[in-house]
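# Residue-level structural notes
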Amino acid sequence: MNKVSYDFLWQTLQEESKNKTLNQLPQDFYSEAEQLLKEEKDADKRENINNNITNMISKIKEIRINKLLLYIAYGKQIQMPIPIEEQEAYERITAYIYEYRNRNKGENEPKALSVVHNVPEIYLPSGNKIGPLSEGQKIKINEKNDAAFLINSLICEYE
């Protein structure tokens, strides 16, 4: 028995549009919705009903994925079971973010540099001022582009 009907899709779309949080849906919601669409096409119903069903499914997906992204962005846990497709998307996105953060962990650490010669106050590519600097002085630079500029300009060298 198909739990998802045209009316259920309409009500779900209305609820998801009004609410800022995820509403509870059956775990097999999308497969049931696709089954409803297939049954409507097989029954040779009016084409506008099929288009409406397709549009409602797409809009529900879009709204709910946006909500999932907000949950991820704010580090909130999902408190209820969600449809399988959404759970898989949530897990893939969080795994990607975790992998990205671990891969780039050392890039945001300050770069330790040694000043090669005396330099008056200068502006860095980030817009920050630095200086005056003395030969042999040790400095730490947070911005990767600033550190590259100081190295390429022969002002500093890595320690």
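Residues numbered from 1 in each chain as written. Predicted model: local features only at pLDDT ≥ 70, side-chain atom pairs only at ≥ 80, totals over all residues. Heavy atoms only, no water.

## Some points on the side chain of Glu16
Inclusion rule: Strands are runs of DSSP state E lasting at least 2 residues, helices are runs of H or I lasting at least 4, and numbering of each runs from the N terminus. We define a polar contact as two N or O atoms separated by no more than 3.5 Å, with the added condition that, inside protein, one atom must be a possible hydrogen donor and the other a possible acceptor, whereas residues neighbouring each other in sequence contribute only through side-chain atom pairs. In this description, contact between two residues means that some pair of their heavy atoms is separated by no more than 4.5 Å.
With respect to the secondary-structure elements, Glu16 resides in helix H1 (residues 6-18). A polar side-chain atom of Glu16 sits 2.7 Å from a polar atom in the side chain of Lys67. If we ignore the near neighbours within four places in the chain, the residues touching Glu16 are Thr21, Leu22, Asn23, Ile63, Arg64 and Lys67.

## Structural notes on the sheet that holds strand E5 (residues 156-158)
As a reminder of what qualifies: The criterion for strand pairing is that DSSP finds at least two bridges linking the strands in question. Simply put, an axis is a line fit to the C-alpha atoms, just over the touching stretch for a helix, and the angle between two N-to-C directions goes from 0 to 180 degrees.
Ordered by their spatial adjacency, 3 strands build an open sheet running E4-E1-E5, and the pairing between neighbours is antiparallel. Looking at which strands have only one partner, the edges of the open sheet turn out to be strand E4 (138-141) and E5. Each strand axis lies, on average, 40° off the axis of its neighbour in the sheet, ignoring direction. Taken together, the 4 bridges between strand E1 (residues 111-115) and E4 define a ladder with antiparallel strand orientation. Looking at the pairing, Leu113 lines up with Ile139 of E4. Docked against the sheet, helix H5 (residues 144-152) engages E1, E4 and E5, running at close to 115° with respect to E5.

## Some points on H5
For clarity, the threshold we go by: Only protein chains enter the accessibility calculation, which uses a 1.4 Å probe; a residue whose area is less than 20% of its type maximum is buried, one above 50% is exposed, and one in between is partly exposed. The reported arc concerns the directions from the helix axis to the C-beta atoms and nothing else.
Those residues of H5 not exposed but buried are Asp146, Ala147, Leu150 and Ile151. Projected down its long axis, H5 carries its buried residues within an arc of 135°, all on one side. Across from the buried face of H5, at angles greater than 90 degrees, the exposed residues are Asn145 and Asn152. Along its buried surface, H5 packs onto E1, strand E2 (122-123), E4 and E5. Remark: Leu154 follows H5 within two positions and exhibits a positive phi of approximately 60°.

## Focus: the environment of Lys144
As for its placement among the helices and strands, Lys144 is situated in helix H5. In this structure, the C-alpha to C-alpha distance between Lys144 and Thr12, residues 132 residues apart in sequence, is 47 Å.

## Thoughts on helix H3 (residues 47-73)
For clarity, the cut-off: Here the expected span of a helix is defined as 1.5 Å times the quantity of residues minus one.
Over its 27 residues, H3 extends 39 Å from the first C-alpha to the last, a length consistent with the 39 Å expected when each residue adds 1.5 Å. Taken as a whole, H3 has its buried residues at Ile49, Asn50, Ile53, Met56, Ile57, Ile60, Arg64, Lys67, Leu68, Tyr71 and Ile72.

## Examining the packing of aromatic side chains
For clarity, the cut-off: Two rings from Phe, Tyr or Trp (for Trp, the six-membered ring) form a pair when their centres are within 6.5 Å of each other. A pair whose planes differ by under 30 degrees is stacked, one over 60 is edge-to-face, and the rest are tilted.
Across all of its chains, the model carries 2 aromatic pairs by this definition. On the basis of an interplanar angle of 75° and a centroid distance of 5.1 Å, the ring pair of Phe29 and Tyr30 is categorised as edge-to-face. Looking at Phe29, the relative accessible area reads 0%, which means it is buried. Here the aromatic cluster, defined as three or more aromatic residues joined through ring pairs, consists of Phe8, Phe29 and Tyr30.

Fair warning: the whole summary comes from geometry, so function is off the table for now.
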